[in-house]
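# Geometric and topological summary
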Amino acid sequence: MTHDDAVRARFGATAEGVAAHAREQIEGVREELRVFLAPLSGDERALDAGTGAGTLALALAPLVREVVGIDLVPELLEAARRDAPANATFVEGDATALPFESFSFDLACSRRTLHHVSRPELALAELARVAKPGGRIFVDDQIAPVDPLLAFELDRFERRRDPSHHRTLSDGDLRDLFAANDLVLIRSKRFTHKRELDFYLGLAGCTGDEAQRAKDLSPGDREHYVVESAWYLCAKP
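Description of the structure in this document. Given the structure is predicted, the values throughout are model-derived calculations rather than measurements. (Residues numbered from 1 in each chain as written. Predicted model: local features only at pLDDT ≥ 70, side-chain atom pairs only at ≥ 80, totals over all residues. Heavy atoms only, no water.)

### Re the packing of aromatic side chains
Two descriptors summarise a pair of aromatic rings, namely the distance from one centre to the other and the angle between the planes of the rings. Applying the stated criterion to the full structure yields eight aromatic pairs. With 5.9 Å between their ring centres and 70° between their planes, Phe-36 and Phe-138 make a pair best called edge-to-face. Placement of Phe-36 in helix 2 (residues 15–36) and of Phe-138 in strand 5 (residues 131–143) is noted, with a sequence separation of 102 residues between them. We note that Phe-36, like Phe-138, is buried. Both rings, one in Phe-191 and one in Trp-231, keep their centres 5.3 Å apart while their planes meet at 55°; by these two values the pair is tilted. (Phe/Tyr/Trp six-rings, centres within 6.5 Å; stacked < 30°, edge-to-face > 60°. Helix = DSSP H or I, 4+ residues; strand = E, 2+ residues; numbered from the N terminus. Buried < 20%, exposed > 50% of the residue type's maximum accessible area, 1.4 Å probe, protein only.)

And the structure:
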């Protein structure tokens, strides 16, 4: 089984719960994006690569002229389409080989996707490729601890919890990827999340003995764990 197959299997099996969780987040994400992405003219064509059930795309839809979401998992795309306004479309495809022409989006985005991708450098390069000169790239993802041993322990837990997880990138990893693609970082923002372990295990379809084994590896305790994430907004010269 390839890693992409693992992603399809995991999210196909948990699509209903993932979609319900996505719907609950849309309005809150929209209000934060309205500030973080400012200024938006409302005439942008936006891309959400690795859209899942469409949280980011549906949050962006009222703020831009058009938004396109792309994902590997047809069950998640079906859920996203159910809630989609007329200016949001969803297509099946690979974030590391986007089926779009270069320079075709004003805003190219990825939300909580890169840690599911076996070659995140390709996904970031594709975001840079499809962005117009003068366009912007937005990335939101979980961030690995600076201590490599803590980062290893976090990834070991995440893979046990969720087989679609590949590797959590550090802040430095992401900044290096931006620089490698000649992107200029405009602003960033860090978040701390205290997660209820049982909820996130269930969201990933991790139950029974597998859930108990995941709890044994929890970077927190057997009820909660704390993770960091970050938002980045870059400009393409």
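### Some thoughts on the sheet that holds strand 6 (residues 184–196)
Spatially, seven strands are ordered 3-2-1-4-5-7-6 in an open sheet, and the strand pairing comes out mixed. Edge positions in the sheet fall to strand 3 (88–92) and strand 6, since each of these pairs with one other strand and no more. Taken pair by pair, the neighbouring strands of this sheet meet at an average axis angle of 15°, ignoring direction. Helix-sheet contacts for helix 4 (residues 74–82) involve strand 2 (66–71) and strand 3, and the interaxial angle to strand 3 is about 170°. Most of the contacts of helix 7 (residues 171–180) go to strand 7 (residues 224–235), to which it runs at about 15°, and overall it touches strand 5, strand 6 and strand 7. (Pairing = 2+ DSSP bridges. Axes fitted to C-alpha atoms, helices over the stretch in contact; angles between N-to-C directions. Contact = heavy atoms within 4.5 Å.)

### Quick look at the pattern of salt bridges
A complete count under the given rule lists 20 salt bridges for this structure. The residue Arg-161 makes a salt bridge to Glu-158 at a minimum N-O spacing of 2.9 Å. Taken together, the residues Arg-161 and Glu-158, both in helix 6 (residues 148–161) and three residues apart, mark about one turn of the helix. Close ionic contact of Arg-160 with Glu-210 constitutes a salt bridge, the shortest N to O distance being 3.4 Å. Placement of the pair is Arg-160 in helix 6 and Glu-210 in helix 9 (residues 208–216), with a sequence separation of 50 residues. The class of Arg-160 is partly exposed, set by a relative accessible area of 35%. The network of salt bridges with shared partners includes Asp-43, Arg-45, Arg-65 and Glu-66. (Salt bridge = Lys/Arg side-chain N within 4 Å of Asp/Glu carboxyl O.)

### What to know about the pairing of strand 1 (residues 45–49)
With four of its five residues buried, strand 1 lies for the most part within the structure. Bridging between strand 1 and strand 2 involves five bridges; their strand directions are parallel. Of the residues in strand 2, the one forming a bridge with Asp-48 is Gly-69. Handedness of the strand 1-helix 3 (residues 55–60)-strand 2 crossover: right-handed. Inspection of the sheet shows strand 1 paired to strand 4 (residues 105–111) by three bridges, in the parallel sense. What sits directly across from Leu-47, in strand 4, is Ala-108. (Right-handed = clockwise from strand over helix to strand, strands pointing away.)

### Brief notes about helix 9
Among the residues making up helix 9, those that are buried are Ala-211, Ala-214 and Lys-215. Down the axis of helix 9, the smallest arc covering the buried residues is 100°, so these residues share one side. More than 90 degrees from the buried face of helix 9, the exposed residues found are Asp-209 and Asp-216. The inward-facing, buried residues of helix 9 contact helix 6 and helix 8 (197–203). (Arc of directions from axis to C-beta.)

### Notes on the side chain of Arg-136
Tracing the backbone through its elements, the reader meets Arg-136 in strand 5. Although Arg-136 is buried, it makes no salt bridge; Glu-44 carries the closest opposite charge, 5.0 Å away. A polar contact of 2.8 Å, which involves the side chain of Arg-136, links it to the backbone oxygen of Leu-37. Those residues in contact with Arg-136 that lie beyond four places of it in its chain are Leu-37, Ala-38, Pro-39, Leu-40, Asp-106, Leu-107, Ala-108, Ile-186, Leu-233, Cys-234 and Ala-235. (Lys, Arg positive; Asp, Glu negative; His and termini not counted. Polar contact = N/O pair within 3.5 Å; in protein donor to acceptor, adjacent residues only side chain to side chain.)

### What to know about the nonpolar core
Note that soluble globular proteins tend to have their nonpolar side chains buried in a common cluster. Core analysis: the largest hydrophobic core is formed by 28 residues, its most contacted members being Leu-47, Phe-100, Leu-127, Ile-137, Val-139, Leu-174 and Phe-178. Of all elements in the fold, only strand 1, strand 2, strand 4, helix 5 (120–130), strand 5, helix 7 and strand 7 reach the threshold of two or more residues within this core. In this structure Leu-47 touches Val-68, Ile-70, Leu-98, Phe-100, Phe-105, Leu-107, Ala-108, Cys-109, Leu-127 and Val-130, once residues within four positions along its chain are discounted. Judged by nonpolar contacts, the second largest core, of 25 residues, contains Leu-33, Leu-56, Val-67 and Cys-109. (Core = buried A, V, L, I, M, F, W, Y, C linked by side-chain atoms within 4.5 Å.)

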